[in-house]
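# Breakdown of the fold
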Amino acid sequence: MFSFDNVIGNRENILNMEMSLKNKKVFHSYIVTGEEGIGKLFITNCFIKKLQCETNDACGNCYSCRSFELGNNPDVIYVKPTKANNLSVDDIREQVKLNSSIKPYTCRYKIFVLENADKMTVAAQNALLKILEEPPNFLIFFLLGENIKNFLPTIISRCAIINMKPVPIPEVKKFLTQNEISEDLAQICSVYSQGNIGRALKLASDEKFIVMREKIIEIINSLANCNVANALLFVNEFENFKDDLKTVFDIIYFWYTDLIFFKSTNNASFICSTDKLELITKNNDKKLYSKINAIEKAKKYLSRNTNFKLTFSSLLLVLSEV
Ligand SMILES: [Zn+2]
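All of the points below concern the structure found in this document. (Residues numbered from 1 in each chain as written. Predicted model: local features only at pLDDT ≥ 70, side-chain atom pairs only at ≥ 80, totals over all residues. Heavy atoms only, no water.)

### Some words on the packing of aromatic side chains
Defined as follows: Any Phe, Tyr or Trp ring, taking Trp's six-membered ring, that has another such ring centre within 6.5 Å forms a pair; planes under 30 degrees apart are called stacked, those over 60 apart edge-to-face, and the others tilted. Secondary structure elements are defined from DSSP: runs of H or I of at least 4 residues count as helices, runs of E of at least 2 residues count as strands, and each element is numbered from the N terminus. Each residue gets one of three labels from its accessible area relative to the maximum for its type: buried under 20%, exposed over 50%, partly exposed in between, using a 1.4 Å probe on protein chains only.
In total, this model carries 14 aromatic pairs according to the counting rule given. Ring plane angle 50° and centroid distance 5.7 Å describe the contact between Phe-2 and Phe-42, whose orientation is recorded as tilted. With Phe-2 in the segment before helix H1 (11–22) and Phe-42 in helix H2 (residues 40–52), the pair connects residues that are 40 residues apart, well separated along the chain. Look at Phe-42 and you get partly exposed, because its relative accessible area is 25%. Between Phe-238 and Phe-312, the ring centres sit 4.9 Å apart and the planes meet at 35°, which makes this aromatic pair tilted. With Phe-238 in helix H11 (residues 228–239) and Phe-312 in helix H15 (residues 308–319), this pair connects stretches of sequence that are 74 residues apart. By relative accessible area, Phe-238 is classed as buried at 1%.

Shown next as structure tokens:
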């Protein structure tokens, strides 16, 4: 399971890891960064399997490979927050410091993986820094986090950086269809994910997303035949989805970009919502560009916490223009 062959995209990162293994130039600490769902933990696990494998090849047969795949390799420690949501000074002292001087039991290295390490307090980072400053030869740290700027410069300077990037949308789609997700759903989720495999997988199995998308497309598609008063009534419907505004805006945004693509190319291969092709081809909206602008503006306003009802009311008024 944990094989570089199963990592989508990010070839440069894989090449760097392979080279460091080949040249025996493994760092003591790595920062693995990139947005949520991008595969930070997966690529880390693939690298760890190779590092710990008796043949350095993730053979799958040696004790290290087998115990690692089963999740009970004694020399790979996933440091977890015990009290608060994020790793604290106590977590670093109790789970890392105490263990870090003990040699690996069976493997070449003793490896610590810290997820959401970018959310550690300065005190926790300083406690970790003390260990990173003079690590015994057998220690390797993987610090995973979305925002590299949150790490202390003194930590960053001691780490090799692995920056995980989104992958091309057709590759996400291919991955989804190989995992028995239908063509239409794979097309929608790969576009919405913007190259983020984790997000695409999550959307594809999220019943709430599927229902929400149907509802929102139904509403915005009926807006053209609405008078102002009726259009405004839909604000309440959108309020039900208030907790997932990013997805709400994605649904609205990709609907209108589909309409624009189809109108300007007459070619369905550029369409995200292939399941709604009939609605898209029938649409004769003439104000698509001003609608896209209004969507972007509303998204920006709401990210600044402006009033939801007010912002959505004015957005719906623009979307109902014919
Ligand atoms: Zn092995």
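### Remarks on the pattern of salt bridges
When charged atoms on two side chains of opposite charge get close, those side chains can pair. In plain terms, the rule: We count a salt bridge whenever a side-chain nitrogen from Lys or Arg sits within 4 Å of a carboxyl oxygen from Asp or Glu.
Under the criterion given, the structure shown has 16 salt bridges. With its nearest N and O atoms 3.1 Å apart, the salt bridge here joins Lys-50 to Glu-18. Of this pair, Lys-50 sits in helix H2 while Glu-18 sits in helix H1; the two residues are 32 residues apart in sequence, bridging distant segments of the chain. Residue classification places Lys-50 among the buried positions, given a relative accessible area of 11%. Its relative accessible area of 29% is what places Glu-18 among the partly exposed residues. Salt bridges sharing partners connect three or more residues here, namely Glu-18, Lys-50 and Asp-57.

### A look at the pairing of strand S5 (residues 160–163)
Threshold: Strands are treated as partners if at least two bridges between them are detected by DSSP.
Only one face of S5 is buried: it carries Ala-160 and Ile-162, and the other face, with Ile-161 and Asn-163, is open. Note: strand S1 (residues 29–33) against S5, 4 bridges, orientation parallel. Residue pairing for S5: Thr-33 is matched across the bridge by Asn-163.

### Remarks on the layout of surface pockets
So the rule is basically this: Throughout, the protein atoms alone are placed on a 1 Å grid, and a set of points is a cavity if a 1.4 Å probe fits but cannot get out or a pocket if it is open with protein on both sides within 12 Å along at least five of seven lines; lining residues have an atom within 4 Å of a point. Grid points are joined across faces, edges and corners, and a volume is the space filled by probe spheres set on the points. Bear in mind that the domain bounds are from an automatic or database domain assignment.
Empty space within the largest pocket amounts to approximately 470 Å³. Along the walls of the largest pocket sit 25 residues, with Gly-37, Ile-38, Gly-39, Lys-40 and Leu-41 positioned nearest its centre. Those elements that provide at least two residues to the lining of the largest pocket are H2, strand S4 (139–145) and helix H9 (197–204). Element by element, the count of residues in the lining of the largest pocket is highest for H2, at 3 residues. Built from parts of two domains, the lining of the largest pocket gets at least three residues from each of domain 1 (4–163) and domain 2 (169–205).

### Focus on the nonpolar core
Stated formally: The definition of a nonpolar core used throughout is a set of buried Ala, Val, Leu, Ile, Met, Phe, Trp, Tyr and Cys residues joined through side-chain atoms within 4.5 Å. Any two residues having at least one pair of non-hydrogen atoms within 4.5 Å are treated as being in contact.
By size, the foremost hydrophobic cluster in this structure holds 51 residues, and its most contacted members are Ile-216, Ile-220, Phe-238, Ile-252, Tyr-256, Phe-312 and Leu-319. Breaking this core down by element, the ones donating at least two residues are helix H7 (169–178), helix H8 (183–193), H9, helix H10 (207–222), H11, helix H12 (245–265), helix H14 (288–303) and H15. If you tally residues by element for this core, the top one is H12, at 10 residues. Counting only domains with at least three residues in this core, you end up with domain 2 (169–205) and domain 3 (206–319). In contact with Tyr-256, not counting residues within four places along its chain, are Ile-220, Asp-285, Leu-288, Lys-291, Ile-292, Ile-295 and Leu-319.

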